[in-house]
Amino acid sequence: MQRTLIILKPDAVQRQLMGQIITRFEQRGLQMIACKFMRITPDLAAKHYAEHVEKPFYPGLVKYMTSDPVLVMVWQGDDVIAAARKMMGATFANNAEPGTIRGDLGSAPNTYNLIHGSDSAESAAREIKLFFGEDEICDYDMATADWIRPK
Ligand code: IDP
Ligand code: MG
């Protein structure tokens, strides 16, 4: 079973889209195993987005991610990393397909985009450790597991 780090960014919080987005993950049969409503510090944003530090959009990205609270979660499921990325859609609303989170709920091009999802198993492991201690992750058996994931 795979895990991924999902962040509902400040625009998702401010636009009151958290419930709708979480519902999509639940309806897809994915399992939330950790959740934290918090402000990201500039230091944590820098660690999380270290790969983008040289990009022209980096200062704006850190400002965006630290401007207001975020909802950070760990979701678990078969191929959850790819599943979440498909559900999220392309990076910005102008390119994201209808039916995706960014395609349906996204707003302006090249600025806000509602959601972060890890892009690989390595990123997921690194990012989950940045935001959660092992004792904050609540793994449990899903009552619906036999219908979602038949053996
Ligand atoms: P992803 O979130 O779809 O994986 P990445 O390319 O990893 O996209 O970029 C990380 C984040 O940086 C994006 O989600 C977005 O918030 C921001 N970003 C990426 N490219 C641009 C850009 O061209 N202008 C402004 N912000 C950007
Ligand atoms: Mg990325």
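Just so it is clear, the model here is predicted, and its values are computed rather than measured. (Residues numbered from 1 in each chain as written. Chains lettered and ligands numbered in written order. Predicted model: local features only at pLDDT ≥ 70, side-chain atom pairs only at ≥ 80, totals over all residues. Heavy atoms only, no water.)

## Details of the packing of aromatic side chains
Link 1 in the chain: Counted by the stated rule, this structure contains two aromatic pairs.
Link 2 in the chain: Here Phe25 and Trp75 contribute two aromatic rings whose centre-to-centre distance is 5.1 Å and whose plane-to-plane angle is 40°, an arrangement assigned as tilted. With Phe25 in helix α2 (residues 18-27) and Trp75 in strand β3 (residues 70-77), this residue pair connects regions lying 50 residues apart in the sequence. One exposure class covers both Phe25 and Trp75, and it is buried.
Link 3 in the chain: Between Tyr64 and Tyr112, the aromatic rings sit 4.8 Å apart at their centres with planes inclined by 35°, giving tilted as the arrangement. Note that Tyr64 is positioned in helix α4 (residues 58-66) and Tyr112 in the loop between α6 (101-105) and β4 (115-117), a separation of 48 residues in sequence. (Phe/Tyr/Trp six-rings, centres within 6.5 Å; stacked < 30°, edge-to-face > 60°. Helix = DSSP H or I, 4+ residues; strand = E, 2+ residues; numbered from the N terminus. Buried < 20%, exposed > 50% of the residue type's maximum accessible area, 1.4 Å probe, protein only.)

## Things to note about the sheet that holds β3
Link 1 in the chain: Here we have four strands laid out as an open sheet, ordered β2-β3-β1-β4, and antiparallel in their pairing. Every interior strand has two partners, whereas the edge strands, β2 (31-38) and β4, have only one. Averaged over all pairs of adjacent strands, the angle between their axes in this sheet comes to 15°, without regard to strand direction.
Link 2 in the chain: Relative to β3, strand β1 (residues 2-8) runs antiparallel, the two sharing seven bridges. Directly across from Leu8, in β3, lies its bridge partner Leu71. (Pairing = 2+ DSSP bridges. Axes fitted to C-alpha atoms, helices over the stretch in contact; angles between N-to-C directions.)

## Quick look at the pattern of salt bridges
Between side chains of opposite charge, a pair can form when the charged atoms approach closely.
Link 1 in the chain: In this structure the tally under the stated criterion is six salt bridges.
Link 2 in the chain: Here Asp139 makes a salt bridge to Arg3, at a shortest N to O gap of 3.4 Å. Of the two residues, Asp139 is situated in the loop between α7 (121-131) and α8 (145-148) and Arg3 in strand β1; the sequence distance between them amounts to 136 residues.
Link 3 in the chain: Accessibility expressed as a relative area gives 48% for Asp139, which makes it partly exposed.
Link 4 in the chain: Arg3 gets classed as partly exposed once you look at its relative accessible area, which sits at 25%.
Link 5 in the chain: The partner of Asp43 in a salt bridge is Lys47, with the nearest N and O atoms 3.2 Å apart. Remark: Lys47 and Asp43 occur in helix α3 (residues 42-48); sequence separation between them is four residues, near one turn of the helix.
Link 6 in the chain: What makes Asp43 partly exposed here is its relative accessible area of 47%. (Salt bridge = Lys/Arg side-chain N within 4 Å of Asp/Glu carboxyl O.)

## As for the site of ligand 1
Link 1 in the chain: In the region of ligand 1, the neighbouring residues are Lys9, Tyr49, His52, Phe57, Leu61, Arg85, Thr91, Phe92, Arg102, Asn110 and Asn113.
Link 2 in the chain: Between an oxygen atom of ligand 1 and a side-chain N or O atom of Arg85, the distance comes to 2.8 Å.
Link 3 in the chain: Contact distances for ligand 1 include 2.8 Å between an oxygen atom and a side-chain N or O atom of Asn113.
Link 4 in the chain: Considering ligand 1 on its own, with 530 Å² of exposed area, one finds that the protein chains cover 77% of that surface. (Near = heavy atom within 4 Å. Polar contact = N/O pair within 3.5 Å; in protein donor to acceptor, adjacent residues only side chain to side chain. Areas by Shrake-Rupley, 256 points an atom, 1.4 Å probe, with all protein chains shown as cover.)

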